[in-house]
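# A structural walkthrough
These are the residues of each chain, in order.
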Amino acid sequence: MSSVPAPSHHSQPVHTVKAWWQAAPFTAVFALFFLVPLTLVLMVSFWNFNEYELIPGFTFRNYFAIFEGCGKLTDNGDLCVSLSTYLSTLKFCLLVWGITLLIGFAVAYFLAFHVRSPGMQTALFVLCTVPFWTSNVIRMISWVPLLGRNGLVNQGLVGAGLVDQPVEWLLFSDFSVVLAFVHLYTMFMIVPIFNSMMRIDRSLLEAASDSGASGWQTLWNVIVPLSRTGILIGSIFVITIVMGDFVTIGVMGGQQIASIGKIIQVQTSYLQFPLAAANAVILLAIVLMIIWGLTRLVDIRKEL
């Protein structure tokens, strides 16, 4: 009759590391590089200042100064400078988001469903990343000889007889700013949408086709809903970058177009740090509200 061996008295219990100890390094990095700087910005936004120094304290002066005179229209019937600038920034954000979404979705759809070879998919995807091999400033400046008054585009239009004189709005205008934004940030929309599309079960497309759905019906009722996570992530990337950008608007707008990021950059250059911090807090609040609205449409935690 077999007997069950008695447990050894020398075996030691396995001590597992607690979950919060595992998360501690990441929490420390997050706090050091995100929460602490954000807290400092919020704190400085309530400070006072003059031409020479920052004065620690607590005042809403900076927030009132940003929207001073915005309770009524100007003599020309326009909004105050701050509201006009915020609306201008939102306008660029909406235009760039819409264009990058259309281009990013089309490119991702082509790569995911029309390119059959995995090797060709990889090659074309890497080709999309080629512009990122150089700096944003160089890519922006490359548009100047193309879109300038005496640039290649105007020379071609005049030479073809399409216009009598060079087109002025191609450069240092809203058009050139939006064009540069789309050129710089479309890749941030392509990557997450492509990743979502590659995870779609192809049998669902076959089932839709067998059920008599047209190509557009399959696209709208199957592919788009299953790609919404990538669309949301790409939208967050594009919106947050465009809302805070000031280099692109400064270069492509010829220092003639205002944005919130540009205002903050100018205020910091004049050592108006509390005023710049107040603008940064307001901008952050607007961006967070936009992201909150997007995440109400898609629960990204369930989709990932």
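I will try to describe carefully the structure that is included in this document. Note that the coordinates shown come from a computational prediction; the quantities given were computed from them, not determined experimentally. (Residues numbered from 1 in each chain as written. Predicted model: local features only at pLDDT ≥ 70, side-chain atom pairs only at ≥ 80, totals over all residues. Heavy atoms only, no water.)

With that out of the way, let us pick up the packing of aromatic side chains. The final tally for this structure, using the stated rule, is 13 aromatic pairs. Relative to Tyr63, the ring of Phe46 lies with its centre 5.3 Å away and its plane at 40 degrees, an arrangement referred to as tilted. In this pair, Phe46 sits in the loop between α1 (19-44) and β1 (48-49) while Tyr63 sits in helix α2 (residues 61-66), placing the two residues 17 residues apart along the sequence. Like Tyr63, Phe46 is buried. Ring-pair connections join several aromatic residues into one group, and the members of that group are Phe46, Phe58, Phe60, Tyr63 and Phe64. Lying across the ring of Phe49, Arg61 places its NZ or CZ 5.0 Å from the centre. (Phe/Tyr/Trp six-rings, centres within 6.5 Å; stacked < 30°, edge-to-face > 60°. Helix = DSSP H or I, 4+ residues; strand = E, 2+ residues; numbered from the N terminus. Buried < 20%, exposed > 50% of the residue type's maximum accessible area, 1.4 Å probe, protein only. Lys NZ or Arg CZ within 6 Å of the ring centre and 35° of its normal.)

Bringing the pattern of salt bridges into the picture now. Inspection of every chain in the model, using the stated rule, returns two salt bridges. Here Arg149 and Glu168 are joined by a salt bridge, their closest N and O atoms 1.9 Å apart. Within this pair, whereas Arg149 is found in the loop between α6 (144-147) and α7 (152-159), its partner Glu168 is found in the loop between α7 and α8 (174-185), the two being separated by 19 residues in sequence. With a relative accessible area of 44%, Arg149 lands in the partly exposed category. (Salt bridge = Lys/Arg side-chain N within 4 Å of Asp/Glu carboxyl O.)

A word on the nonpolar core. Side chains of a nonpolar character, in soluble globular proteins, are inclined to be buried together. Ile193, Met197 and Ile223 are the most contacted members of the largest nonpolar core, which totals 59 residues. Looking at this core element by element, the count peaks at ten residues for helix α3 (residues 81-114). Other than its neighbours up to four places away in sequence, Met197 contacts Phe105, Ala108, Tyr109, Ala112, Phe113, Arg202, Ile223 and Ser227. (Core = buried A, V, L, I, M, F, W, Y, C linked by side-chain atoms within 4.5 Å. Contact = heavy atoms within 4.5 Å.)

This paragraph deals with the environment of Arg202. Locating Arg202 in the fold gives a position in helix α10 (residues 202-210). On a C-alpha basis, the gap between Arg202 and Phe113 in space is 9.2 Å, while along the polypeptide they are 89 residues apart.

Scope: geometric values only; no functional claims are made or implied.
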